[in-house]
Protein chains: 2
Amino acid sequence: MIKFLNSFEVPVGREDDFLVLWQAVNDVMVTRPGYVGHVLHRSLAPDARYRFVNYVTWESVAHHRAAHDDAFRALVSAPEWNSFVSNPALYEVVSENKR
Amino acid sequence: MIKFLNSFEVPVGREDDFLVLWQAVNDVMVTRPGYVGHVLHRSLAPDARYRFVNYVTWESVAHHRAAHDDAFRALVSAPEWNSFVSNPALYEVVSENKR
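Cut-offs applied
Residues numbered from 1 in each chain as written. Chains lettered and ligands numbered in written order. Predicted model: local features only at pLDDT ≥ 70, side-chain atom pairs only at ≥ 80, totals over all residues. Heavy atoms only, no water. Phe/Tyr/Trp six-rings, centres within 6.5 Å; stacked < 30°, edge-to-face > 60°. Helix = DSSP H or I, 4+ residues; strand = E, 2+ residues; numbered from the N terminus. Buried < 20%, exposed > 50% of the residue type's maximum accessible area, 1.4 Å probe, protein only. Least-squares fit on C-alpha atoms with pLDDT ≥ 70 in both. Core = buried A, V, L, I, M, F, W, Y, C linked by side-chain atoms within 4.5 Å. Contact = heavy atoms within 4.5 Å. Buried area = accessible area lost by both parts, 1.4 Å probe. Salt bridge = Lys/Arg side-chain N within 4 Å of Asp/Glu carboxyl O. Polar contact = N/O pair within 3.5 Å; in protein donor to acceptor, adjacent residues only side chain to side chain.

Novice: Pulling in residues and values, what's your account of the packing of aromatic side chains?
Specialist: Here the structure, examined in full by the defined rule, presents 16 aromatic pairs over all chains. Taking 5.9 Å as the distance between ring centres and 85° as the angle between the ring planes, the aromatic pair formed by Tyr-35 of chain A and Trp-58 of chain A counts as edge-to-face. Of this pair, Tyr-35 of chain A sits in strand S2 (residues 35-43) while Trp-58 of chain A sits in strand S3 (residues 52-58), and the two are 23 residues apart along the sequence. Residue Trp-58 of chain A is classed as buried on the basis of its relative accessible area of 2%. Centroid distance Tyr-55 of chain A to Tyr-55 of chain B: 4.4 Å. Interplanar angle 35°. Geometry classified as tilted.

This is the structure in structure tokens:
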């Protein structure tokens with residue numbers, strides 16, 4: 001399992017616009033092989049740098065890569081996305097603890 | 001339950017220094033009331049903006065706030081932390097899906 005994390009800068013008042021775009025991408029990704037699950041977070045503070053953070057689990061790097069095909073790229077290259085700076089990257093878990 | 005997310009900028013070659021500092025803080029936090037668990041992530045790509053992301057679950061905002069007392073502040077104000085830019089913020093879950 002690998003983790004995909006994406007932090008989004010979303011101007012105050014643009015939250016609903018962001019969520020519509022995000023949902024359209026997510027609706028596609030959940031259908032892709034190797035998608036395990038996601039958790040989308042909204043900051044409690046309206047002035048947090050990253051208003052939304054998406055935390056996604058994929059079975060493998062190969063599954064994640066395969067999901068980012070031409071159809072995906074067409075979706076995220078919509079000009080509406082230009083309003084929202086993002087920081088996508090893949091991660092491995094290096095320390096875990098649950099009390 | 002609330003989520004605390006912190007993304008860290010860690011220069012290449014400074015990973016071990018970061019992990020020593022992070023572990024010292026984490027050793028304290030896991031003892032605090034309301035701490036539920038954490039997952040620390042390292043980016044697969046060495047040139048990712050955020051090399052490490054800590055994802056922590058707390059029982060409530062009040063628990064999280066109470067844990068950030070003078071002892072905690074003394075720990076994170078060590079000058080060694082100046083090398084590592086961080087983006088700490090509290091989040092609520094707004095969308096969740098598991099296939």
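Novice: Would you mind going over the relation of the copies chain A and chain B in detail, with residue names and values included?
Specialist: Rotating chain A by 180° about the axis while translating it 0.0 Å along that axis superimposes it on chain B, leaving an RMSD of 0.0 Å. Such a combination of turn and shift is consistent with a two-fold rotation axis.

Novice: So what about the nonpolar core? Which residues, and what values?
Specialist: Side chains of nonpolar character tend, in soluble globular proteins, to be buried together. In this structure, Phe-8, Phe-18, Trp-58 and Trp-81 of chain A are the most contacted members of the largest nonpolar core, which totals 21 residues. At the level of elements, strand S1 (2-9), helix H1 (15-29), S2 and S3 of chain A are the ones that each hand at least two residues to this core. The leading source of residues in this core is H1 of chain A, at five residues. In this structure, Val-10, Leu-21, Val-25 and Ala-78 of chain B belong to the second largest nonpolar core, which totals 20 residues.

Novice: Which residues make up the side chain of Ser-7 of chain A, and what values go with them?
Specialist: Mapped onto the elements of the fold, Ser-7 of chain A is located in strand S1. Ser-7 of chain A has contacts with Tyr-50, Phe-52, Val-53, Val-85, Ser-86 and Asn-87 of chain A together with Ser-7 of chain B, leaving out every residue within four places of it along the chain.

Novice: Kindly report on the interface of chain A and chain B, identifying the contributing residues and their values.
Specialist: Residue-level contacts link 39 residues of chain A with 39 residues of chain B. Between chain A and chain B the total buried area reaches about 3300 Å² when both faces are included, carbon and sulfur atoms providing 53% of it. The largest per-residue losses of area from chain A upon contact with chain B belong to Leu-44, Tyr-91 and Arg-99 of chain A, which jointly make up 20% of the total buried on that side. At the boundary of chain A with chain B, the tally comes to two salt bridges. The salt bridge involving Arg-42 of chain B is made with Glu-92 of chain A; its shortest N-O contact spans 3.5 Å. Across the contact surface, chain A and chain B share 19 residue pairs in polar contact (both at pLDDT 80 or more). Looking at the side of chain A that touches chain B element by element, the count peaks at 11 residues for strand S4 (residues 85-98) of chain A.

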